[in-house]
Amino acid sequence: MSRRVVVTGVGLVSPVGMGTQANWDALCAGTSGIGPITRFDAAAFSTRFAGEVKNFDPFQFIEKKELKKMDIFIQFAVAASQYAMDDSRLAITPENADRIGVFIGSGIGGFTTIEREHEAYLAGGPRKISPFFIPSSIINLAAGQVSIRFGAKGPNLATCTACTASAHAIGDSFEIIKRGAADAMIAGGTEAAVCPMGVGGFAALRALSTRNDDPLRASRPFDKDRDGFVLGEGAGIVILEELEFAKRRGATIYAEMVGYGMSGDAFHMTAPVEDGDGAFRVMNAAIASAGIRPDQIDYVNAHGTSTPHNDRIETTAIKRTFGAHARKLAISSTKSMTGHLLGAAGGLEAGITALSVRHQIAAPTINLDQADEGCDLDYVPHKARPMKIDYALSNSFGFGGTNGALLMKRFEE
């Protein structure tokens with residue numbers, strides 16, 4: 001059994017906005033969500049800025065008595081899922097509940113709660129550890145809490161594959177629906193690592209930008225002056241449905257999901273292989289699974305982290321995958337505006353890719369003033385571009401050499 005799968009809802013919570021329309025408007029306007037860290041005193045850190053979610057009021061989405069059971073990464077997931085469900089108008093009923101599932105990934109999980117509870121232990125011993133410590137911090141409770149909130153009784157799953165976690169969650173949800181194990185999935189990712197250990201850990205790796213005097217311009221994928229990625233937070237959720245299930249209820253269809261690829265670098269714990277082999281193979285796997293030619297793709301939402309190695313190697317992999325057609329692609333890194341949401345990046349960017357297909361607009365790569373040597377493709381610099389997008393690819397790559405690629409197309413009957 002192989003069934004068609006469509007995107008019928010998008011829910012986004014990111015540094016550039018709360019809700020899907022706010023995010024899309026900000027991205028099309030080239031608005032950066034990066035600024036000084038307000039979550040904690042970052043004065044002693046080499047990097048003192050991040051992509052924080054602004055104006056997040058959890059009480060809009062979660063009852064007060066439930067908040068103490070949820071780390072902020074779970075709160076972001078609940079909020080983004082609510083936006084996605086509202087957007088799709090999908091109603092979960094006793095009749096369809098066991099055919100609707102939840103699959104939400106995260107790279108780290110409840111970092112803030114782990115920090116807080118460890119401090120409580122050091123200050124007062126084991127009796128000071130909250131009984132909600134474990135269920136508020138473990139990764140699968142994002143999917144668990146969303147499932148409980150909406151009554152989704154189908155597959156209930158989580159991925160923890162670093163910065164590819166939510167791309168894998170969406171891709172695996174696509175496969176679940178294709179093979180008939182569910183009719184709809186609430187899928188994506190969430191992350192909340194803007195905390196002392198999160199910022200300090202990535203700073204110790206020398207992975208973060210240190211452009212403290214100019215945070216708005218710090219995330220600059222493919223630019224010769226990039227000096228590292230900018231840590232972001234938030235969640236991206238899409239509603240995937242089997243086509244006939246969606247049509248019966250009159251759902252709005254953003255895009256059809258047609259391909260999914262996975263690969264492993266088997267090379268290094270943090271660095272991609274120099275010739276881009278893992279990225280090359282994952283893009284080819286997604287294209288092959290869709291049964292199309294590489295030259296049919298119009299737009300790539302790149303992983304584009306703004307790190308010296310990733311941007312150059314991803315460009316190399318795109319050239320290997322597409323050959324001469326690489327020069328005709330529109331490629332953008334929306335991380336230039338949102339920062340890198342780690343395990344939530346693939347969910348956010350899959351949502352953006354679906355919106356790009358729906359609206360026939362490629363979001364820009366901002367801060368791209370002078371492309372670096374080896375980064376010589378069309379990265380849609382500075383301004384959003386109205387264009388024909390029949391097929392669009394979204395790339396995600398993670399520590400440990402774990403890669404995922406999602407392929408969407410403009411919906412046609």
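Q: Any chance you could break down a nonpolar patch on the surface for me, citing the residues and the numbers?
A: Together, Tyr 121, Leu 122 and Ile 129 line one region of the surface with nonpolar side chains, adding up to about 290 Å² of accessible area. Look at Tyr 121 and you get partly exposed, because its relative accessible area is 40%.

Q: Go over unusual backbone geometry, please, and point to the residues and values.
A: The backbone of Arg 89 sits at a positive phi, close to 60 degrees, despite the residue not being glycine. By secondary structure assignment, the location of Arg 89 is in the loop between helix H3 (72–88) and strand S5 (100–105). Non-glycine residue Phe 222 carries a positive phi angle of around 70 degrees. Along the chain, the position of Phe 222 falls in the loop between helix H8 (196–204) and strand S8 (234–242). Taking the relative accessible area as the measure of exposure, Phe 222 reaches 1% and is therefore buried.

Q: Outline the packing of aromatic side chains, listing residues and values.
A: Summed over all chains, the structure comprises seven aromatic pairs. Centre to centre, the rings of Phe 202 and Phe 229 are 5.4 Å apart; their planes meet at 80 degrees, and the pair counts as edge-to-face. Of the two residues, Phe 202 is situated in helix H8 and Phe 229 in the loop between H8 and S8; the sequence distance between them amounts to 27 residues. Taken together through their ring pairs, the aromatic side chains of Phe 56, Phe 61, Phe 76 and Tyr 83 make up a single cluster. If you follow Arg 320 out to its NZ or CZ, it ends over the ring of Phe 280, 4.0 Å from the centre.

Q: Describe in detail helix H7 (residues 165–178), supporting the description with residues and values.
A: Its 14 residues give H7 an end-to-end C-alpha distance of 20 Å, which sits within 8% of 20 Å, the value for a rise of 1.5 Å per residue. Counting buried positions over the 14 residues of H7 gives twelve, a clear majority of the element. Among the residues of H7, those classed as buried are Ala 165, Ser 166, Ala 167, His 168, Ala 169, Ile 170, Gly 171, Ser 173, Phe 174, Ile 176, Ile 177 and Lys 178.

Q: Which residues make up helix H1 (residues 20–28), and what values go with them?
A: Burial in H1 covers these residues: Thr 20, Asn 23, Trp 24, Ala 26 and Leu 27. The buried residues of H1 occupy an angular sector of 165 degrees when the element is viewed end-on, so they sit on one face. In the core, the buried residues of H1 are packed alongside strand S1 (5–14), strand S2 (17–18), helix H12 (335–338), helix H13 (345–359) and strand S12 (361–362). Following H1 by one or two positions, Gly 30 adopts a phi angle in the positive range, close to 70 degrees.

Q: Before we move on, could you go through the packing of H3 against helix H6 (residues 141–150) and cite the residues and values that matter?
A: Closest axis-to-axis distance for the H3/H6 pair is 9 Å, and the angle between their directions is 45 degrees. Compared by their axis directions, H3 and H6 come out oblique. Both H3 and H6 take part in a crossing whose hand is right-handed. Here H3 contributes Phe 73, Ile 74, Ala 77, Val 78, Ser 81, Gln 82 and Met 85 to the contact with H6, which in turn contributes Leu 141, Ala 142, Gln 145, Val 146, Arg 149 and Phe 150.

Q: Describe the pattern of salt bridges, listing the residues and the values that go with them.
A: Inspection of the entire model under this criterion finds 28 salt bridges. Between Glu 233 and Arg 39 there is a salt bridge whose closest N-O contact spans 2.5 Å. Taken together, the residues span a long stretch of sequence, with Glu 233 in the loop between H8 and S8 and Arg 39 in the loop between strand S3 (35–36) and strand S4 (49–50) at a distance of 194 residues. For Glu 233, a relative accessible area of 0% corresponds to the buried category. Exposure remark for Arg 39: the relative accessible area of 36% places this residue in the partly exposed category. Among the salt bridges present, the one from Lys 69 reaches Glu 66, with a minimum N-O distance of 3.5 Å. The class of Lys 69 is partly exposed, set by a relative accessible area of 26%. Members of the salt-bridge network, linked through shared partners, are Asp 214, Arg 217, Arg 220, Asp 223 and Asp 369.

Q: Summarise the nonpolar core; cite the residues concerned and give the values.
A: Residues Val 7, Val 10, Ile 170, Leu 240, Met 257 and Leu 406 are the most contacted members of the largest nonpolar core, which totals 45 residues. Elements with a contribution of two residues or more to this core: S1, H1, H7, strand S7 (184–191), S8, strand S9 (255–264), H13 and strand S15 (402–409). If you tally residues by element for this core, the top one is H13, at seven residues. Beyond its immediate stretch of four places on either side in the chain, Val 7 contacts Val 238, Ile 239, Leu 240, Thr 252, Ile 253, Tyr 254, Ala 255, Ala 354 and Met 408. Listed in part, the 35 residues of the second largest apolar core include Phe 61, Ala 80, Val 146 and Phe 150.

Parameters and conventions
Residues numbered from 1 in each chain as written. Predicted model: local features only at pLDDT ≥ 70, side-chain atom pairs only at ≥ 80, totals over all residues. Heavy atoms only, no water. Patch = residues over 30% accessible without salt bridge, like charges linked within 9 Å, V, L, I, M, F, W, Y side chains within 5 Å. Areas by Shrake-Rupley, 256 points an atom, 1.4 Å probe, with all protein chains shown as cover. Salt bridge = Lys/Arg side-chain N within 4 Å of Asp/Glu carboxyl O. Buried < 20%, exposed > 50% of the residue type's maximum accessible area, 1.4 Å probe, protein only. Helix = DSSP H or I, 4+ residues; strand = E, 2+ residues; numbered from the N terminus. Phe/Tyr/Trp six-rings, centres within 6.5 Å; stacked < 30°, edge-to-face > 60°. Lys NZ or Arg CZ within 6 Å of the ring centre and 35° of its normal. Expected span 1.5 Å × (residues − 1). Arc of directions from axis to C-beta. Contact = heavy atoms within 4.5 Å. Axes fitted to C-alpha atoms, helices over the stretch in contact; angles between N-to-C directions. Parallel < 35°, antiparallel > 145°, perpendicular 65-115°, else oblique. Left-handed = near helix turned anticlockwise from the far one by under 90°. Core = buried A, V, L, I, M, F, W, Y, C linked by side-chain atoms within 4.5 Å.

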